[in-house]
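Below, each chain spelled out in residue letters.
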Amino acid sequence: MPQDPDWPIRVAAINALQERVRRLGDVLPWDVIDAGFSFQGETLHFANRARGIFWPRQMRESALSIKTTVPRQGREARYDDLPSDEGFDYRFQGEDVEGRDNRRLVRAMEMDAPLIYFYGIEPGIYAPIWPVYISGVDLTTKSFTVSSGSPGSQVRAPGSYVADPKLLTLERRYTTVEVKKRLHQVAFRQHVLHAYEQRCAVCRFPRRELLDAAHILPDRDVRGRPEVANGLSLCKLHHGAFDADLMGIRPDGIIEIAQRLMAEHDGPTLEHGLKGFAGKPLGILPLHPAQRPRPEYLEERYALFRRTRDS
């Protein structure tokens, strides 16, 4: 397998990206990505707003990153990933695999070089995935097959794997499926928190890092799709209470607290953080009616709460 002359730049980029994700979370706004990273006294870019396939001018042979976007209303995406049950099928730039951008990905495939994938969640918001690898080219669909290594793992130089190539392929295929599932959950949280203005639907607590996107119907339910109308933005306390059926929400949006909690007497967290919301309406709902909790979903979840409450 050919050596990767751009390996030092890849390592610097991935290390810098890991630090930003650890500090800022699973999704990054474009301005954070656009700020770039430091390499040998220079500032290099992670990606380019206009180009889906990107490499800094200092890279000699292949690409550093790929990007898909959710375009703003009225615009079209230049790059996209095709629907796939197993992973990502990334469209060519243009029609010819020999085009300049596409050649860079072919070269990355030949070297098994790790790339960064900036996956668009909302306009200007991306979930970074690394390391990803180009594992195939389909001239019929004019797309590349993109597979994922273990998320957040330390990348190893091409040719340093001791695993059998077939086992490595199976491992990446499995990991790619898991990463795609995680992306759906990341997107679900982003959309739900955005709809609820980054606040808890019960208490209006405003700290994003302490908010979750709670499913009304669980994602194991065939109807429990990761869509905003099946979600609630809840702080850690109220999410835990909701999942444990210690707090229920009626189809009309009124909050109920389980009787076994109402009968207890403890400190301010119980008295004000839970019991204090009994009989009150949700503190905030999405402005767009289509994003508000579906009454039939709330009704079904409330029925489960009642059975647990009365048992």
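Notes on the structure follow.

The rules behind each value
Residues numbered from 1 in each chain as written. Predicted model: local features only at pLDDT ≥ 70, side-chain atom pairs only at ≥ 80, totals over all residues. Heavy atoms only, no water. Helix = DSSP H or I, 4+ residues; strand = E, 2+ residues; numbered from the N terminus. Buried < 20%, exposed > 50% of the residue type's maximum accessible area, 1.4 Å probe, protein only. Arc of directions from axis to C-beta. Phe/Tyr/Trp six-rings, centres within 6.5 Å; stacked < 30°, edge-to-face > 60°. Lys NZ or Arg CZ within 6 Å of the ring centre and 35° of its normal. Expected span 1.5 Å × (residues − 1). Salt bridge = Lys/Arg side-chain N within 4 Å of Asp/Glu carboxyl O.

**What about the overall build of the protein chain?**
Stage number 1. The helix and strand tally for the protein chain stands at 8 helices and 14 strands.
Stage number 2. A burial count over the protein chain gives 48% of its 311 residues as buried.

**So, helix H5 (residues 236–243)**
Stage number 1. Residues of H5 that are buried include every one of His238, His239, Ala241 and Phe242, and no others. One face of H5 carries all of its buried residues, which in axial projection span an arc of 165 degrees.
Stage number 2. Of the residues trailing H5, aspartate 245 is marked for its positive phi of about 55 degrees.

**Comments concerning the packing of aromatic side chains**
Stage number 1. On inspection of all chains with the given rule, the structure shows 9 aromatic pairs.
Stage number 2. Each residue in the set Phe88, Tyr90, Tyr117 and Tyr119 is aromatic and connected to the rest through ring pairs, giving one cluster.
Stage number 3. The ring of phenylalanine 277 is capped by lysine 280, whose NZ or CZ atom sits 5.8 Å from the centre of that ring.
Stage number 4. The ring centre of phenylalanine 242 lies 4.1 Å from the NZ or CZ of arginine 301, which sits over that ring.

**Points about the environment of isoleucine 14**
Stage number 1. Its place among the elements puts isoleucine 14 in helix H1 (residues 7–24).
Stage number 2. Put simply, isoleucine 14 and proline 131 are 117 residues apart on the chain and 8.2 Å apart in space, counted from C-alpha to C-alpha.

**Side note on unusual backbone geometry**
Stage number 1. The amide bond that connects tryptophan 130 to the next residue, proline 131, takes the cis arrangement and shows omega of -15 degrees.
Stage number 2. In this model, aspartate 112 sits at a positive phi of 55 degrees, which is unusual for a non-glycine residue.
Stage number 3. If you trace the backbone, aspartate 112 turns up in the loop between helix H3 (100–111) and strand S8 (115–122).
Stage number 4. For glutamine 198, which is not glycine, the phi torsion reads 60 degrees and is therefore positive.
Stage number 5. Residue glutamine 198 is classed as partly exposed on the basis of its relative accessible area of 24%.

**Notes on H3**
Stage number 1. In a regular helix each residue adds 1.5 Å, so 12 residues correspond to 16 Å; H3 covers 17 Å between its end C-alpha atoms and thus fits that length.
Stage number 2. Remark: aspartate 112 follows H3 within two positions and exhibits a positive phi of approximately 55 degrees.

**Considering the pattern of salt bridges**
Stage number 1. Following the criterion strictly, the structure yields 19 salt bridges and no others.
Stage number 2. With its nearest N and O atoms 3.6 Å apart, the salt bridge here joins glutamate 178 to lysine 181. Linking glutamate 178 with lysine 181, this pair stays in helix H4 (residues 165–195), spanning 3 residues, or about one helical turn.
Stage number 3. Here glutamate 178 falls in the partly exposed class, since its relative accessible area comes to 32%.
Stage number 4. Glutamate 271 is the salt-bridge partner of lysine 275, the closest N and O atoms lying 3.2 Å from each other.
Stage number 5. Look at glutamate 271 and you get partly exposed, because its relative accessible area is 25%.
Stage number 6. Residues joined by salt bridges that share partners form a network here, namely Glu19, Arg20 and Arg23.

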